[in-house]
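Fold and contact review
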Amino acid sequence: MIKKDNILASAKKTILSESESIAKLTQFLDDNFVNAVEIIYKSKGRLVVTGIGKSAIIAQKIVATLNSTGTPSLFLHASEAIHGDLGMLQPSDVVICISKSGNSPEIKVLVPLLKRFGNKLIAITGNTTSFLGKEADFVLNTYVDSEACPINLAPTNSTTAQLVMGDAIAVCLMEMKNFTAEDFAKYHPGGALGKKLLLRVSDMLDTTQKPIVASDSTIKNVIIEISEKRLGVTAVIENEKVIGIITDGDIRRMLNKTENISGLTAQEIMTKNPKTIKSTDMVSDALNILEDFSITQLVVVDNGEYKGVIHLHDILKEGII
């Protein structure tokens, strides 16, 4: 029976083995890497990434990363390439070919075809003296001493090294292009990430549910306004300016302290100088303010004009967190 300690020991050994292989990649970086990145950066075409087997899977992940960070990329399966898919290749494209051995039969067939097309060829391989290594214009060395696999056969360290080299290329290109969070958002408009980077307060603001009372409003009217607008708060307005807010918590605290509320007005129980935000600000900024001050509502004000209230619950419903 396999013991718990043995499982944990095996997992730790695998992680350490792969991390050591990754660390050694820094020793292999040279002008080949610099020139390869510059060629990709200056290219007027796409970056086509190809491979076979596990390397093909890594190639797909690298393509996904590059596309999402502003480098138009395509995946080309090495075996399908020689059966028609080479048609996707354009003269201005740059090609990255990934292969641990650099001597796979499919690679030996594909590489001469790529060279015939005249495209710049970048090799990511663990064997720089291989067929691929010798034929490529630039060679990125991803050699590993061994695989984490106990029989040293299943690609583990080698595929991780390939993936990390692809990430290094992507990050370098991002920095060269001054790729920003706003750029990133353009390629990730859906889901929580897209909303966090793109959604503005105005996109969530319901102007038909804008709780508002005058500074001299009675407590009864305040309670009615808070209840009807269902935001747990109302803004207190005087001379068309927000001078305070009253939350349902303020109402509860007032009722605990005061026996007779008939003569009280909104101005007497409001919180002055409430936290505000502009409608053009990002929802993520609103969330940060709510978290920093442990509050659940923000008053939205543009150039002194009251626009409404944004509530923490509404932000949570959008899946920003």
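Below, the structure is looked at part by part.

Taking 1.5 Å per residue, 21 residues should reach 30 Å; helix α1 (residues 4-24) reaches 31 Å between its end C-alpha atoms and fits that length. Looking at α1, one finds that the buried residues are Ser 17, Glu 18 and Ser 21. The buried residues of α1 occupy an angular sector of 90° when projected down its axis, which confines them to one face. Among the exposed residues of α1, those pointing more than 90 degrees away from its buried face are Lys 4, Asp 5, Lys 12, Ile 15 and Leu 16. Where α1 is buried, its residues touch α7 (157-176).

Here Ser 68 is to be found in helix α3 (residues 54-68). Note on Ser 68: relative accessible area 16%, which makes it buried. There is a polar contact of 2.9 Å between the side chain of Ser 68 and the backbone oxygen of Thr 65. Among residues more than four places away in sequence, those in contact with Ser 68 are Phe 179, Phe 184, Tyr 187 and His 188.

A few words on the packing of helix α11 (residues 219-229) against helix α12 (residues 248-257). Contact pair α11 / α12: the axes reach a minimum separation of 10 Å and the direction vectors enclose 145°. The crossing of α11 and α12 is left-handed. Judged by residue contacts, Ile 219, Val 222, Ile 223 and Ile 226 of α11 engage Asp 248, Ile 251 and Met 254 from α12. Tallied by class, residues from the contact of α11 with α12 come to 6 nonpolar, no polar and 1 charged.

Conventions and cut-offs
- Residues numbered from 1 in each chain as written.
- Predicted model: local features only at pLDDT ≥ 70, side-chain atom pairs only at ≥ 80, totals over all residues.
- Heavy atoms only, no water.
- Helix = DSSP H or I, 4+ residues; strand = E, 2+ residues; numbered from the N terminus.
- Expected span 1.5 Å × (residues − 1).
- Buried < 20%, exposed > 50% of the residue type's maximum accessible area, 1.4 Å probe, protein only.
- Arc of directions from axis to C-beta.
- Contact = heavy atoms within 4.5 Å.
- Polar contact = N/O pair within 3.5 Å; in protein donor to acceptor, adjacent residues only side chain to side chain.
- Axes fitted to C-alpha atoms, helices over the stretch in contact; angles between N-to-C directions.
- Left-handed = near helix turned anticlockwise from the far one by under 90°.
- Nonpolar A, V, L, I, M, F, W, Y, C, P; charged D, E, K, R; others polar.

Purely spatial values, then, with no claim about function.
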